[in-house]
Amino acid sequence: MAQSRRSTAGGVDPATVPTRRLRTGDLLPAIGLGTFGSDHVGHDTVARSVADAVRLGYRHLDCAAVYGNEAAIGRSLAGLVGSGVVARDDLWITSKVWNDMHGPGDVGRACRRSLDDLGLDHLDLYLVHWPFPNHHEPGVDVTARHVGARPYDHERFMATWAQMEDLVAAGLVRNIGTSNMTIPKLRPLLAAASIPPAVNELELHPYFQQPELFEFLVGHDIVPVGFSPIGSPARPERDHTPEDSVDVDDPVMLEIADRHGIHPATLCVKWAEQRGQVPIPFSTRRRNQLANLQAVIAPPLSDAEMSAIGGIDRGCRLIKGQVFCWKPGQSWRDLWDEGGPITPP
């Protein structure tokens, strides 16, 4: 991906933003803008936030078909490129295939639909959004179970992955990856894939650092892209549980943020990028977008500060995925293979 060196008025020069080199050699900007409106932010509002972010200097946009806003984002992108604000080749666009499009021929159809909606001829990165073909309707509560829900099936997943590989061969996608995967699911994928995943997208924030999975990804040349980097305060109501903790209220975060004169949420983003993951915070507020972007080019946190933040991990998963369970009354923990091997049916 080419990098323009033209400064962005009132923003950050994209050329100063760090990048992560993928196994393909492509350079992924080390911060992106998430585009999930969390069931309460309208599509046009998200599209306007994309336009604001690009003008500020963001070059990495994390999209997904299930968010329902790719057509609106596509209109924003067309305006930005058409007016000369940014060149397409200077943008990194990610999308994801949703759970109800894992079947034979479905992945290609889903990808082409995202390309049409976004107004693109290729994606820089395409992810399998969840390893389960378990769909849910918008706005359902945590007890909802899709009639076709079933447990992880490696043979079925590899058939889906083969379709992802076909998209690379067809030139529709430059890189492919996974999302919401676990080590027990990644091991057989890596053993069988013709094209290994370049990225795994996962929940990462100071209260949920996933050190074992993080190190596994880095050790296998898979770049960790972290969603909910500030602890997802605006996540859907179904993902709130009484035991959830709030990262930005932690005394360690408050002290370090005060020392640097930044908001604790901005500190979460700074810590994430410096640790080596790629944070993709979502915000519709220009000042927050700018603060997050400025954080990744600011002087580094000290080793003591990084260590202090590393010490507050509570293992607090916020996006639990209850709606993807396949049995009534099942614990969401089964989705994440917490016992070690892949959770049996």
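Residues numbered from 1 in each chain as written. Predicted model: local features only at pLDDT ≥ 70, side-chain atom pairs only at ≥ 80, totals over all residues. Heavy atoms only, no water.

Trainee: When you look at the packing of aromatic side chains in this model, what are you seeing that I'm missing?
Mentor: Summed over all chains, the structure comprises 7 aromatic pairs. Between the aromatic rings of Tyr-152 and Phe-157, the centroid separation amounts to 5.8 Å while the plane-to-plane angle is 45 degrees, which identifies the pairing as tilted. Owing to a relative accessible area of 10%, Tyr-152 belongs among the buried residues under this scheme. Here a set of aromatic residues connected by ring pairs shows up, and it is made of Trp-98, Trp-130, Phe-324 and Trp-336. (Phe/Tyr/Trp six-rings, centres within 6.5 Å; stacked < 30°, edge-to-face > 60°. Buried < 20%, exposed > 50% of the residue type's maximum accessible area, 1.4 Å probe, protein only.)

Trainee: Would you explain helix α8 (residues 264-275) in this entry?
Mentor: An α-helical turn contains 3.6 residues, so a residue and the one three or four places further along point in the same direction. For α8, with 12 residues, the first-to-last C-alpha span of 16 Å sits near the 16 Å given by 1.5 Å per residue. In terms of residue burial, α8 counts as a mostly covered element, since 10 of its 12 residues are buried. Every buried residue of α8 is listed here: Pro-264, Ala-265, Thr-266, Leu-267, Cys-268, Val-269, Lys-270, Trp-271, Ala-272 and Glu-273. In the core, the buried residues of α8 are packed alongside β1 (19-21), α7 (251-260), β10 (278-279), α9 (286-295) and α10 (303-310). (Helix = DSSP H or I, 4+ residues; strand = E, 2+ residues; numbered from the N terminus. Expected span 1.5 Å × (residues − 1). Contact = heavy atoms within 4.5 Å.)

Trainee: Looking at this structure, I do not really get the nonpolar core. What am I missing?
Mentor: Generally speaking, soluble globular proteins have nonpolar side chains that are buried together. Ranked by size, the top nonpolar core spans 66 residues in total, and within it Leu-77, Ile-93, Leu-123, Tyr-126 and Trp-161 carry the most contacts. Examining the composition of this core, we find that 6 residues originate from one element, helix α1 (residues 43-56), more than from any other. Residues in contact with Trp-161, not counting those within four places in the same chain, are Val-128, Ile-176, Gly-177, Thr-178, Leu-189, Ala-193, Ile-195, Pro-196 and Pro-197. Counting 16 residues, the second-largest nonpolar core is a separate cluster that includes Cys-268, Ala-272, Ile-312 and Cys-316. (Core = buried A, V, L, I, M, F, W, Y, C linked by side-chain atoms within 4.5 Å.)

Trainee: Can you walk me through the confidence of the model for the protein in this structure?
Mentor: Atom-level detail of predicted coordinates should not be read off regions where pLDDT is low. Chain-level statistics for the protein give a pLDDT mean of 93 and a share of 95% at 70 or above. Within the model, the stretch residues 1-7 combines pLDDT values under 50 with 23 contacts to residues more than four positions away or in other chains. (pLDDT = per-residue confidence, 0-100.)

Trainee: What exactly am I supposed to notice about the environment of Asp-249 here?
Mentor: Here Asp-249 is to be found in the loop between β9 (223-227) and α7. The class for Asp-249 is exposed, based on a relative accessible area of 53%.

Trainee: How should I be thinking about unusual backbone geometry in this particular structure?
Mentor: Note: most peptide bonds trans; most residues except glycine with negative phi. One non-glycine residue, Asn-180, lies in positive phi territory at about 60 degrees. For Asn-180, a relative accessible area of 5% corresponds to the buried category. For Asp-337, which is not glycine, the phi dihedral falls at a positive 50 degrees. Among the secondary structure elements, Asp-337 is positioned in the segment after α10.

Trainee: Can you walk me through the pattern of salt bridges in this structure?
Mentor: Should the charged atoms of two oppositely charged side chains come close, the side chains can pair. In total, this model carries 14 salt bridges according to the counting rule given. Ionic pairing is found between Asp-117 and Arg-113, a salt bridge with its closest N-O pair at 3.1 Å. Here Asp-117 pairs with Arg-113, and both are found in helix α3 (residues 106-118), just 4 residues apart, close to one helical turn. A residue is classified by how much of its surface remains accessible, and Asp-117, at 24% relative accessible area, is partly exposed. Assessed through its relative accessible area of 55%, Arg-113 is described here as exposed. Between Arg-259 and Glu-255 there is a salt bridge, with the nearest N and O atoms lying 3.0 Å from each other. With Arg-259 and Glu-255 both in helix α7 and 4 residues apart, this pair spans about one turn of that helix. The class for Arg-259 is partly exposed, based on a relative accessible area of 49%. The network of salt bridges with common partners includes Asp-62, Lys-96 and Glu-201. (Salt bridge = Lys/Arg side-chain N within 4 Å of Asp/Glu carboxyl O.)

Trainee: Got a minute to help me understand α3 in this structure?
Mentor: The end-to-end C-alpha separation of α3 is 18 Å, in line with the 18 Å expected for 13 residues at 1.5 Å each. Residues of α3 that are buried: Asp-106, Val-107, Gly-108, Ala-110, Cys-111, Ser-114, Leu-115 and Leu-118. Buried positions along α3 lie against α2 (70-82), β5 (92-97), β6 (125-128) and α4 (154-169). Immediately downstream of α3, the backbone of Gly-119 shows phi near 70 degrees, a positive value.

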